[in-house]
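# Breakdown of the fold
Letter by letter, the chains look like this.
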Amino acid sequence: MQGLMQDAPLTLSSLLDHAARFHGDREIVSKSAEATLRTNYRDVNGRARQLAGALRRLEVKTGDCVASLAMNTSRHIELYYGVTGAGAVLNTVNPKLFPEQIKFIVSHAENTYVFFDPAFGPLLEALALELTGVRGYVCLADAAGTPAFNLPNLTNYEDLIGSEDVASPWTEVAESAGAILCYTSGTTGDPKGVLYSHRSLVLHAFTVLSADGMALSTRDGVLLVTPLFHVNAWGIPFAAAMCGARLILPGAALDGESIFNLMRAERCTFSLGVPTVWLGFLDFIAAHRERLDLSGLALERVLVGGSAAPRSLIERFDYMLGVYVIHAWGMTETSPLATIGTPLPEHAQLDAQSRYDIQMLQGRAIYGVDLRIVDGEGTVLAHDGIAAGDLQVRGPWVVQRYFKAPAPACDADGWFPTGDVAKIHPNGYLQLTDRSKDIIKSGGEWISSVDLENAAIAHPDVREAAVIGVPHPKWQERPILLVVAAPAATPQRDDILAFLAARVARWQVPDDVIVVPALPHTATGKLLKSALRETYRDHLSKDDGES
Ligand code: AMP
């Protein structure tokens, strides 16, 4: 027997319409080097509708792709809703990728138009000749703010939308239609496209709002540090519209001082981003503590994901600012939220150090995401906190097939192999122990680079750590440790090795410690271990095998 309830489609435009009607005055604040622009959900709704009208005028059809190369601004939010509200697909391109990768993505998605921040004009000028499928370029500025870039059919955003009606209709689409296309930031091979549907994004937004999700509410002011080109800024633009949260968009300035100033000025209660951003933020506060008015901060909680949150980060947020770090795990292929570390009732009694131990884990599965670990033969492993295996996930916002791929990305039962290696504890907490390609195999024994990095980062002289396996004449592979010094510290090799020897098994202690000024990161803030492996591949090859 069929249920007898209405079958209203779960589309993105319904989110913005709700925000405009019931939270119309709630602000969306964009910060740029020149100015602070204040708008609200009502006006963004009108401008997104104007954009939808303009795209139809340009003969962008349902299902066509439109690219954005832009930082976090209200115009980029308008693209989120205006492009998808015209029935088209917004392909959010990461402008920090190598130009070759950008060229690949824009061509692979067959983008019809490219919308870009003025700062990325020169980058596009260098690629435009080869982007033969692109019909025109739209600079996200007004006429005065648009330089005369050498780009075919160049127009500016304000002129493009200005003549359209703020009440232009949305194009009707099925909830299963593609809405946003985001390419993985893979460090090897061509990037792969993940095409989110309206439905998957709306379902994911409900999860973001849930109390044991990010507990986002109308009372929050969210500082959106996570870029809009990184997995839909982890779903915040949709969840914020769903509940009418204030959105504060930092533009391109993501250094510690800029984030601190904006967070304080706008009284943000919640923020989210990758660990590297937060390390810069905390270092800035630590270095200028005497002159900063910390009482002006309204920040209550910070969500950290994209890479493992180091213990020092969790600790410093707690004792310096009284801010709770929520550690979450996900990936482009999971929209991204899959597991999240909100505490269980039994954690209320824990002392701070024991609570940090829990916060370092990657959290528990949220409803909608099923997960399991398997061994090399595909046998499902126990959730005993001991067995480590390949992590697989499935659910309504997990990828089924990559964009234009001939075969599914998951098996017949929907299990998607994440490429992460993990343990699952009896209480459901996920603990990532490695990326499968980063794990180190020494003399037949597995060594977790993550465990060693966590141990190294606990040393007071270490700000950031990376452990990689490099070829070794006797043990096939041995770990070496690269560290970045903490402010004003001078890490010593032997001291760090002794520190590690007291914390990990003897055969896991790295063969060398190298102090480096900085570690390479991908465009989304992950350690670029492939580059480090390349640089240090001969580091131990002349070793006589004494380790
Ligand atoms: P991306 O698709 O760029 O979001 O990258 C997803 C990958 O980032 C995951 O497969 C993990 O390897 C890594 N990652 C994401 N969140 C975490 C986390 N909390 N701890 C450790 N690694 C993470």
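No experiment lies behind these values; they were computed from the predicted model shown. (Residues numbered from 1 in each chain as written. Predicted model: local features only at pLDDT ≥ 70, side-chain atom pairs only at ≥ 80, totals over all residues. Heavy atoms only, no water.)

## Section: the site of the ligand
Let me state the cut-off plainly: Definition of nearness: a residue and a molecule or strand are near each other if at least one heavy atom of the residue lies within 4 Å of the molecule or strand. Each polar contact in these results corresponds to two N or O atoms within 3.5 Å; when the atoms are within protein, one needs to be able to donate a hydrogen and the other to accept it, and residues that are neighboring in sequence are counted only if both atoms are side-chain atoms. Exposure was quantified through the Shrake-Rupley algorithm and a 1.4 Å probe, taking into account, for residues, occlusion by the shown protein chains and nothing else. Only DSSP runs of H or I covering at least 4 residues are called helices, and only runs of E covering at least 2 are called strands; the numbering of each starts at the N terminus. Here the term charged refers only to Asp, Glu, Lys and Arg, the term nonpolar to Ala, Val, Leu, Ile, Met, Phe, Trp, Tyr, Cys and Pro, and the term polar to all other amino acids, Gly among them.
Around the ligand, the structure places 16 residues, and the nearest of them are His327, Ala328, Thr332, Asp420 and Arg435. Contact distances for the ligand include 3.1 Å between a nitrogen atom and a backbone N or O atom of glycine 306. Contact distances for the ligand include 3.1 Å between an oxygen atom and a side-chain N or O atom of lysine 526. About the coverage of the ligand: the protein hides 91% of its 490 Å² of free accessible area. Secondary-structure elements contributing two or more residues to the shell around the ligand are β14 (324-330) and β20 (430-435). Tallied by class, residues from the shell around the ligand come to five nonpolar, eight polar and three charged.

## Brief notes about the pairing of strand β10 (residues 221-224)
Counted only if it meets this: Between buried and exposed lies partly exposed: a residue is buried under 20% and exposed over 50% of the maximum accessible area for its type, with that area taken using a 1.4 Å probe on protein chains only. By definition, two strands form a pair when at least two bridges between them are found by DSSP.
Neither face of β10 is left uncovered, since the one carrying Gly221 and Leu223 and the one carrying Val222 and Leu224 both have all their residues buried. Here three bridges tie β10 to strand β12 (residues 270-273), and the two strands are oriented parallel to one another. Of the residues in β12, the one forming a bridge with leucine 223 is serine 271.

## Some words on the pattern of salt bridges
Just so we agree on the cut-off: The salt bridge definition used is simple: a Lys or Arg side-chain nitrogen within 4 Å of an Asp or Glu carboxyl oxygen.
Within this structure, the stated rule accounts for 29 salt bridges. Between arginine 493 and aspartate 512 there is a salt bridge; the shortest N-O distance is 2.7 Å. In this pair, arginine 493 is assigned in helix α15 (residues 493-501) and aspartate 512 in the loop between α15 and β25 (513-515), connecting sequence segments 19 residues apart. Salt bridges sharing partners connect three or more residues here, namely Glu27, Arg38, Arg246 and Glu266.

## Thoughts on unusual backbone geometry
For the bond running from serine 335 to proline 336, omega is 5 degrees, close enough to zero to count as cis. On the secondary structure map, proline 336 appears in the loop between β14 and β15 (337-340). Phi is positive for glutamate 59, close to 65 degrees, though the residue is something other than glycine. Looking at the secondary structure, you find glutamate 59 in the loop between α2 (41-57) and β3 (65-69). One non-glycine residue with positive phi stands out, namely tryptophan 234, at about 60 degrees. Topologically, tryptophan 234 is positioned in helix α8 (residues 231-234).

## Side note on the sheet that holds strand β24 (residues 476-485)
In plain terms, the rule: Between the N-to-C directions of two axes lies an angle of 0 to 180 degrees, each axis being a line fitted to C-alpha atoms and, for a helix, fitted only over the stretch in contact.
The three strands are arranged β23-β24-β25 in an open sheet whose pairing can be described as mixed. The sheet is open, and its two borders are formed by β23 (462-472) and β25, each paired with just one other strand. Strand-to-strand twist of the sheet, defined as the mean angle between neighbouring strand axes without regard to direction, takes the value 25 degrees. Two strands pair when backbone bridges link them, and β23 and β24 are joined in this way by ten bridges, in the antiparallel orientation.

## Details of the environment of histidine 23
Going by this rule: It only takes one pair of heavy atoms within 4.5 Å for two residues to be counted as in contact.
Along the polypeptide, histidine 23 turns up in the loop between α1 (12-22) and β1 (27-31). Taking the relative accessible area as the measure of exposure, histidine 23 reaches 15% and is therefore buried. A C-alpha to C-alpha distance of 8.5 Å links histidine 23 and threonine 218, two positions 195 residues apart in sequence. With sequence-adjacent residues up to four places away left out, histidine 23 is seen in contact with His18, Tyr41, Thr218, Cys243 and Gly244.

## Examining the sheet that holds strand β7 (residues 154-156)
Spatially, the seven strands line up as an open sheet ordered β7-β6-β5-β3-β4-β8-β9, and their pairing is mixed. What marks the edges here is a single partner per strand, and that holds for β7 and β9 (193-197). The average angle at which neighbouring strand axes cross in this sheet is 25 degrees, direction not considered. Sheet topology places strand β5 (residues 111-116) next to strand β6 (residues 136-139); four bridges connect them, and they run parallel. Each bridged residue has a counterpart across the sheet, and for valine 114 the counterpart in β6 is tyrosine 137. In the packing of helix α7 (residues 198-209) onto the sheet, the strands contacted are β8 (178-183) and β9, and the crossing angle to β9 comes to about 75 degrees.

## Topic: the domain arrangement of the protein chain
In plain terms, the rule: Domain segmentation is taken from an automatic or database assignment of domains. Defined in terms of a 1.4 Å probe, buried area is the accessible area two parts forfeit on being brought together, summed over both.
For the protein chain, the domain assignment lists domain 1 (35-197), domain 2 (254-435) and domain 3 (440-535). Measuring from the centre of the C-alpha atoms in domain 1 to the corresponding centre in domain 2 gives 29 Å. Between domain 1 and domain 2, the residue contacts involve 13 residues of the former and eight residues of the latter. Both sides together, the interface formed by domain 1 and domain 2 hides about 1000 Å², and carbon and sulfur atoms give 62% of it.

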